Amino acid sequence: MRLLVTGGAGFIGSNFVHQTVRERPDVHVTVLDALTYAGDERSLDPVDGKVVLAKGDIADPDLVDTLVKDVDLVVHFAAESHNDNSLHDPWPFVRTNVIGTYQLLEAVRRHDVRFHHISTDEVYGDLELDDPARFTPDTPYNPSSPYSSTKASSDLLVRAWARSFGVRATISNCSNNYGPFQHVEKFIPRQITNVIDGVRPKLYGTGENVRDWIHVEDHNSAVWSIIEKGRLGETYLIGADGEVDNTTVVETILELMGQGADAYDRVNDRPGHDLRYAIDATKLRTELGWEPRYRDFRDGLAATIEWYRTHESWWRPQKDATEARYAVLGR
Ligand code: NAD
Ligand code: DAU
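Nothing here was measured: the structure is a model prediction, and the numbers come from that model. (Residues numbered from 1 in each chain as written. Chains lettered and ligands numbered in written order. Predicted model: local features only at pLDDT ≥ 70, side-chain atom pairs only at ≥ 80, totals over all residues. Heavy atoms only, no water.)

Visitor: Can you tell me about a nonpolar patch on the surface, naming the residues and giving the values?
Guide: Nonpolar side chains collect at one region of the surface, where Trp-91, Val-94 and Ile-99 lie side by side and expose about 260 Å² of accessible area between them. When you line up the elements, Ile-99 lands in helix α4 (residues 91–111). (Patch = residues over 30% accessible without salt bridge, like charges linked within 9 Å, V, L, I, M, F, W, Y side chains within 5 Å. Areas by Shrake-Rupley, 256 points an atom, 1.4 Å probe, with all protein chains shown as cover. Salt bridge = Lys/Arg side-chain N within 4 Å of Asp/Glu carboxyl O. Helix = DSSP H or I, 4+ residues; strand = E, 2+ residues; numbered from the N terminus.)

Visitor: Quick rundown of unusual backbone geometry? Include the residues and the values.
Guide: A negative phi angle characterises most non-glycine residues, just as the trans form characterises most peptide bonds. Unlike most non-glycine residues, Leu-35 shows phi in positive territory, near 50 degrees. Position of Leu-35 relative to the elements: it lies in the loop between β2 (28–33) and β3 (51–55). You can call Leu-35 partly exposed: its relative accessible area is 24%. The phi dihedral of Phe-181 falls on the positive side, at around 70 degrees, and the residue is not glycine. For Phe-181, the location among the structural elements is in the loop between β7 (177–178) and α6 (187–196). (Buried < 20%, exposed > 50% of the residue type's maximum accessible area, 1.4 Å probe, protein only.)

Visitor: Account for the nonpolar core, with residues named and values stated.
Guide: In this structure, Leu-3, Phe-16, Val-17, Val-29, Val-75, Ile-238 and Leu-284 are the most contacted members of the largest nonpolar core, which totals 32 residues. Mapped onto this core, the elements with two or more residues apiece are β1 (2–6), α1 (11–23), β2, β4 (73–76), α7 (216–229), β11 (235–238) and α9 (282–288). The element contributing the most residues to this core is α7, with six residues. (Core = buried A, V, L, I, M, F, W, Y, C linked by side-chain atoms within 4.5 Å.)

Visitor: Describe the sheet that holds strand β6 (residues 169–174), listing the residues and the values that go with them.
Guide: If you trace the seven strands from one edge of the open sheet to the other, you get β3-β2-β1-β4-β5-β6-β11, paired in parallel fashion. The open sheet has two edge strands with one neighbour each: β3 and β11. When the angles between neighbouring strand axes are averaged without regard to direction, this sheet yields 20 degrees. Of the strand pairs in this sheet, β1 and β2 are connected by five bridges, and their pairing is parallel. In the sheet register, Val-5 faces β2, and the bridge partner there is Val-31. (Pairing = 2+ DSSP bridges. Axes fitted to C-alpha atoms, helices over the stretch in contact; angles between N-to-C directions.)

Visitor: Quick rundown of the site of ligand 2? Include the residues and the values.
Guide: Near ligand 2, the surroundings consist of 25 residues, among which Thr-120, Asp-121, Tyr-147, Arg-270 and His-273 are the closest. Tyr-147 places a side-chain nitrogen or oxygen 2.6 Å from an oxygen atom of ligand 2. Within the side chain of Asn-176, an N or O atom sits 2.7 Å from an oxygen atom of ligand 2. When ligand 2 sits alone it has 690 Å² of accessible area, and the protein chains cover 95% of it. Looking at the shell around ligand 2, the elements with two or more residues in it are α6 and β8 (202–204). For the shell around ligand 2, the per-class residue count stands at seven nonpolar, ten polar and eight charged. (Near = heavy atom within 4 Å. Polar contact = N/O pair within 3.5 Å; in protein donor to acceptor, adjacent residues only side chain to side chain. Nonpolar A, V, L, I, M, F, W, Y, C, P; charged D, E, K, R; others polar.)

Visitor: Summarise the pattern of salt bridges; cite the residues concerned and give the values.
Guide: Where charged atoms of side chains with opposite charge meet at close range, the side chains can pair. Under the counting rule described, the total for this entry stands at 29 salt bridges. In this structure, Arg-200 and Asp-265 form a salt bridge, with 2.8 Å as the shortest nitrogen-oxygen distance. Taken together, the residues Arg-200 in the loop between α6 and β8 and Asp-265 in strand β13 (residues 265–267) connect sequence positions 65 residues apart. Residue Glu-234 pairs with Lys-283 through a salt bridge whose shortest N-O separation is 2.6 Å. Note that Glu-234 is positioned in the loop between α7 and β11 and Lys-283 in helix α9, a separation of 49 residues in sequence. Judged by relative accessible area, which is 23%, Glu-234 ranks as partly exposed. One continuous salt-bridge network, built from bridges that share partners, spans Arg-134, Asp-241, Arg-285, Glu-291 and Arg-295.

Visitor: A description of the site of ligand 1 should follow, citing residues and the corresponding values.
Guide: The full set close to ligand 1 counts 28 residues, and Ile-12, Asp-33, Ser-81, Tyr-147 and Lys-151 are the nearest of them. Within the backbone of Ile-12, an N or O atom sits 2.8 Å from an oxygen atom of ligand 1. Contacts to ligand 1 include Thr-36, whose backbone N or O atom sits 3.1 Å from an oxygen atom. Considering ligand 1 on its own, with 830 Å² of exposed area, one finds that the protein chains cover 96% of that surface. Put simply, the parts of the chain that give the shell around ligand 1 at least two residues each are α1, β5 (114–120) and α5 (146–165). If one sorts the elements of the shell around ligand 1 by residue count, β5 sits on top with three residues. Across the shell around ligand 1, the residue classes tally to 13 nonpolar, twelve polar and three charged.

Visitor: Give me the lowdown on the side chain of Asp-274, citing residues and values where you can.
Guide: Among the structural elements, Asp-274 can be located in the loop between β13 and α9. Buried and unpaired, Asp-274 has no salt bridge, with Arg-211 as the nearest side chain of opposite charge at 5.4 Å. A polar side-chain atom of Asp-274 sits 2.6 Å from a polar atom in the side chain of Ser-144. (Lys, Arg positive; Asp, Glu negative; His and termini not counted.)

Visitor: Explain the layout of surface pockets residue by residue, including any values.
Guide: Taken as a whole, the second largest pocket encloses approximately 260 Å³ of empty space. Contributing to the lining of the second largest pocket are 15 residues, with Asp-84, Asn-85, His-88, Arg-325 and Leu-329 lying nearest its centre. Sorting the residues of the lining of the second largest pocket by element identifies α3 (83–88), α4 and α11 (312–329) as the ones contributing at least two each. At five residues, the largest contribution of residues to the lining of the second largest pocket is made by α11. Taken together, the residues of the lining of the second largest pocket sort by class into six nonpolar, four polar and five charged. (1 Å grid on protein atoms, 1.4 Å probe; cavity = no way out; pocket = protein on both sides within 12 Å on 5 of 7 lines; lining within 4 Å. Points joined across faces, edges and corners; volume = space filled by probe spheres on them.)

What follows is the structure, encoded as structure tokens:
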């Protein structure tokens, strides 16, 4: 199988490429990645010589056409992915997430290539803390931020191209990922690397916000289940029953890193901050038989802390610029 992975030098995409090379030697992988601030060629070092990297933009129709016409499957991870950045400057989100997805859809349509679209649970908006409901594929779209609204837009394009043009597509909407190779702008790596630097973790607002954490390896094994067994035109929600509030995440990181559980600072809240996400992955589990492997968040967090401790040369070049961006926001 010839596979094109967009965004394969980012966090989840690079882990997907590692997993694919490790477990599926019959798959020939090409990565298309613009290597924005969030992409890092070094994230592909573990598969050096085993994949091809095409540096370029998913919004470039000629480049996209050239790459798509030679593959059997596109798995589309490339995106602007950080909510805080989208509140500061939404345009790159519209350009990459909406126009970039459009260009890919037109190319897979022309060449009749199977397409899997990676999306987020944030398209469904948020839930109250005490709401017994969780997101299902039938939950109405209600995105809050520029980031999540562009991801919702891209999902709707995929649905329309599947229905109107017969594009062979599936969509997955996953909850918050953690694990190795995640950019230090994101919550968990930011706090781990702060503690390594002797800086107190930063908790937005009250810290009561809940995210539904899943290890990146589990997200990616679910994506392969959908590629292999999912029904065309369908949406699958990916989650591993990992709801934890932000205060507990910070306290656990501090404890695992030998600090006092209260050694963190509360900082300005994110405007429009979604309160809670929660995934009901029944369809994925019952229809496709998928199960997560990382069931203990604390163990997964300890392994992630160890990864950041032993890979300082990977994250260090990004740390100062990231914190400088947060300083402007008072966060
Ligand atoms: P990331 O920011 O770490 O990586 C994004 C990658 O896309 C980078 O390598 C970047 O260089 C590349 N990219 C950006 N714009 C591009 C463009 N115009 N052309 C080509 N490449 C471009 O993001 P991530 O956290 O790995 O997320 C990957 C996907 O998964 C995104 O679609 C995101 O919406 C989705 N997702 C993320 C999470 C999460 O918790 N991180 C959860 C659910 C879904
Ligand atoms: O739910 C899936 C989404 O998860 C993905 O679609 C996004 O691409 C991904 O970035 C993530 O979005 P969040 O906004 O939930 O992730 P983030 O890591 O930015 O923040 C997680 C929570 O932690 C959120 O409630 C905000 C809070 N936070 C974040 C940072 C960076 C803090 O309290 N302090 C911080 O320093």
